[in-house]
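Architecture at a glance
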Amino acid sequence: MKKLFSILMIAGMFLATGLQAFADDAQEALQFFNNYVTAANSYSPTITTMYSPSAKIIRQVVKPNGELVNVNTDTATYIRQMKIGQAGAKMRGYKNTYTNISVASLGNGAYKVSSLRQPKGETYKLKTYMIVKKINGKWQITEELMQTKEQIFLKYANKK
């Protein structure tokens, strides 16, 4: 009986340690997301370093009829476009507000941070998520989906 109790105690400690590590990583993933929002809303050039060089970038265009069209791009192209867009956004004072933020473990050290994004001056909210993971000890975005109502992105959609 004593042996069984000891085994259960040790197993419980390992479980508690594992849960604490999960909680710590989930908190770090959330903090990384908050840092991303701050960098984006302050037009910081550091935002470009938050993406993995091989990140999957998806802009999901919401058409006026409600149809969704995914526009995929590579990280390098996205970062080039981001740098160009930052100048205009800064002049307009464009910012996003994020609500309904949640963090979910995907296993293998990856976390999905989901939220609703509200562009400044708009009443609607759009779905967004990013998958983040520690790569060489540094949190990075490995996948991002962001909905947009900007129809200009449709010109980059793959034609079927």
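Below: a short report on this structure. (Residues numbered from 1 in each chain as written. Predicted model: local features only at pLDDT ≥ 70, side-chain atom pairs only at ≥ 80, totals over all residues. Heavy atoms only, no water.)

1. Topic: the pairing of strand E5 (residues 126-135)
Walk down a regular strand and you will see the side chains alternate between the two sheet faces. Heads up, the condition is: A strand pair is defined by DSSP finding two or more bridges across the two strands. Numbering goes from the N terminus for both helices and strands, where a helix is a DSSP run of H or I of at least four residues and a strand is a run of E of at least two.
Where strand E4 (residues 110-119) lies against E5, eight bridges are found, and the strand directions are antiparallel. Residue pairing in the sheet places Ala110 in a bridge with Lys133 of E5. Connecting E4 to the next strand, E5, in antiparallel fashion are six residues, including Gly121 with a positive phi near 85°. As judged from the eight bridges shared by E5 and strand E6 (residues 138-148), these two strands associate in the antiparallel manner. Its bridge partner lying in E6, Ile131 is registered against Glu143. Taken together, E5 and the strand that follows it, E6, pair antiparallel across an intervening segment of two residues, in which Asn136 is found at a positive phi of about 55°.

2. Describing the pattern of salt bridges
Applicable threshold: One side-chain nitrogen of Lys or Arg within 4 Å of one carboxyl oxygen of Asp or Glu is enough to make a salt bridge. Buried means the residue's accessible area, taken with a 1.4 Å probe over protein chains only, is under 20% of the maximum for its type, while exposed means over 50%, and partly exposed covers the values in between.
The final tally for this structure, using the stated rule, is three salt bridges. Between Glu28 and Lys134 there is a salt bridge, and its shortest N-O distance comes to 3.0 Å. With Glu28 in helix H1 (residues 2-41) and Lys134 in strand E5, this pair connects stretches of sequence that are 106 residues apart. On the basis of relative accessibility, which here comes to 32%, the residue Glu28 falls in the partly exposed class.

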